[in-house]
Amino acid sequence: MKSAIILFPGTNRERDMAAALKRATGNTPQIVWHGDTELPDVDLVVLPGGFSYGDYLRCGAIAANSPVMPEVIAHAEKGGYLLGVCNGFQMLTETGLLPGALMRNANLKFVCRDVHLKVENTQTPFTTAYAPGQVIRVPVAHGDGNYFADSDTLDRLEGEGRVVVRYCDAKGELTGDANPNGSQRNIAGILNEKGNVLGMMPHPEDMTDERQGGLDGLGLFTSIGTAA
Amino acid sequence: MKARVTVTLKKGVLDPQGKAIHGALSTLGFDGVEGVRQGKLIEIELDETNRDDARRKVEAMCEKLLANTVIENYAIDLV
């Protein structure tokens, strides 16, 4: 599988993402500068985590209007796979490719720790390697991960199986305590209508090597590798 | 011409920063505060002289970048 990672000023998770993709698929992704106006021919484009443009104005807002972004949107519209993690998820909501918005964490604290996620839908190109309802452990590191959408949008996302991962406790219970940022309905990651664009706040790329503490995140990348 | 754009969170959208400010005001002994909402103020210098054109231009800026209309409202003052 061929992939590209977009690099913005302030991005800091592109190396972890590249290493995870290499581990899962055997291929090294290309790094594309945000100021470029062309994308290489790839199956997957990744918007990685970090603090693009210093989180000025709103997280992801300025990156969402970068020169490369029309090409990223065109890639998604053609059916290409697009993954946004953390700051990348914020960019996806800012472009309108995914509904809703990521707001300041409800407790106003930057949260940096492992969380448990329940894989709610394994029929997506990003999650086929997981078992339905499987609980995985991956890190989060964000100050603005509080997922917000109006209740009609939330109902539609749930009805269409587009809530892909939710925050849960180690047993898979969707409790308030397990929710690190106040996200509505414990939502950690969502899919677009067509099923080729996934945005999530947690960092699966940082749980793809035993030296990182486990391999729970690897399945996401092997899934895309299989789908592409 | 200068445009002053005020961006505020929509009603019903949780504003933890506003709540924190409210709490701090109470701690400082300011009674009678019923609620606090925090927003942003953006000032834009324009070379426009026509007010209608200026407003149209700033509206487009708000829709495209300055506000996220999923969660925020905006108001434009031309000064």
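This is a predicted model, so every value here is computed, not measured.

Caption draft 1: View of the overall build of chain B. What chain B contains, in helices and strands, is two helices and three strands. Tracing chain B from N to C terminus, the helices and strands come up as β-α-β-α-β. In terms of overall dimensions, chain B is more spread out than a globule: its C-alpha atoms have a radius of gyration of 16 Å, far above the 12 Å expected for 79 residues. Principal axes of the C-alpha set define a box for chain B whose edges measure 45 × 25 × 15 Å. The burial tally for chain B puts 29% of its 79 residues in the buried class. Sequence separation of at least 24 residues holds for 66% of the intrachain contacts in chain B that already meet a minimum separation of 6.

Caption draft 2: A look at the environment of Val140 of chain A. Along the chain, the position of Val140 of chain A falls in strand β7 (residues 135-142). Taking C-alpha positions, Val140 of chain A is 18 Å from Thr127 of chain A, a pair spaced 13 residues apart along the chain.

Caption draft 3: Quick peek at the sheet that holds strand β1 (residues 2-9) of chain B. All names here are of chain B. Taking strand neighbours across the sheet as the criterion, the three strands line up as β2-β1-β3 in an open arrangement whose pairing is antiparallel. Only two strands of the sheet have a single neighbouring strand rather than two, namely β2 (40-45) and β3 (72-78). Across this sheet, the average inter-strand angle for adjacent strands is 20°, counted without regard to direction. As defined by bridge partners, β1 adjoins β2 across six bridges and the pair is classed as antiparallel. Paired with Ala3 across the bridge in β2 is Ile44. Packed on one face of the sheet, helix α2 (residues 51-66) meets β1, β2 and β3 and runs near 155° to β3.

Caption draft 4: Structural view of helix α3 (residues 87-95) of chain A. Residue and element names in this part refer to chain A. Burial analysis of α3 places seven of its nine residues in the buried class, the great majority of the element. Taken together, the buried positions of α3 are occupied by Asn87, Gly88, Phe89, Gln90, Met91, Leu92 and Thr93. Gly96, located one to two residues past α3, shows a positive phi value of around 85°.

Caption draft 5: Spotlight on the interface of chain B and chain A. Between chain B and chain A, the residue contacts involve 16 residues of the former and 15 residues of the latter. Taking both sides of the interface into account, the surface hidden between chain B and chain A amounts to around 1200 Å²; carbon and sulfur atoms contribute 66%. Remark: the boundary between chain B and chain A carries one salt bridge. Arg58 of chain A is paired through a salt bridge with Glu72 of chain B; the nearest N and O atoms lie 3.7 Å apart. Our enumeration of links across chain B and chain A arrives at six residue pairs in polar contact (both at pLDDT 80 or more). Those elements that provide at least two residues to the side of chain B that touches chain A are α1 (16-27), β2 and α2 of chain B.

Caption draft 6: Inspection of the nonpolar core at higher detail. If you look at the biggest cluster of nonpolar residues, it comprises 61 residues, and the most contacted ones within it are Ile6, Leu82, Leu83, Leu117, Tyr147 and Leu220 of chain A. Among residues more than four places away in sequence, those in contact with Leu117 of chain A are Gln134, Val135, Ile136, Val138, Val165, Arg166, Tyr167, Cys168, Ala188, Met200 and Pro202 of chain A. Grouped together as the second largest cluster of nonpolar side chains are 13 residues, Val5, Ile44, Ala54 and Ile76 of chain B included.

Caption draft 7: The arrangement of the pattern of salt bridges in detail. Residues and elements named next belong to chain A. Tallied over the full model, the rule gives 18 salt bridges over all chains. Linking Lys2 and Asp41 is a salt bridge whose minimum nitrogen-to-oxygen distance equals 3.5 Å. Of this pair, Lys2 sits in the segment before β1 (3-7) while Asp41 is found in the loop between β2 (30-33) and β3 (44-47), placing the two residues 39 residues apart along the sequence. Given the relative accessible area of 45%, Lys2 is considered partly exposed. Of the charged contacts in the structure, one is a salt bridge between Glu160 and Arg162, with a shortest N-O distance of 2.7 Å. Residue classification places Glu160 among the partly exposed positions, given a relative accessible area of 40%. Through salt bridges with shared partners, a single network forms among Glu120, Asp155, Glu158, Arg166 and Arg185.

Conventions adopted
Residues numbered from 1 in each chain as written. Chains lettered and ligands numbered in written order. Predicted model: local features only at pLDDT ≥ 70, side-chain atom pairs only at ≥ 80, totals over all residues. Heavy atoms only, no water. Helix = DSSP H or I, 4+ residues; strand = E, 2+ residues; numbered from the N terminus. Rg over C-alpha atoms; globule rule 2.2 N^0.38 Å. Buried < 20%, exposed > 50% of the residue type's maximum accessible area, 1.4 Å probe, protein only. Contact = heavy atoms within 4.5 Å. Pairing = 2+ DSSP bridges. Axes fitted to C-alpha atoms, helices over the stretch in contact; angles between N-to-C directions. Buried area = accessible area lost by both parts, 1.4 Å probe. Salt bridge = Lys/Arg side-chain N within 4 Å of Asp/Glu carboxyl O. Polar contact = N/O pair within 3.5 Å; in protein donor to acceptor, adjacent residues only side chain to side chain. Core = buried A, V, L, I, M, F, W, Y, C linked by side-chain atoms within 4.5 Å.

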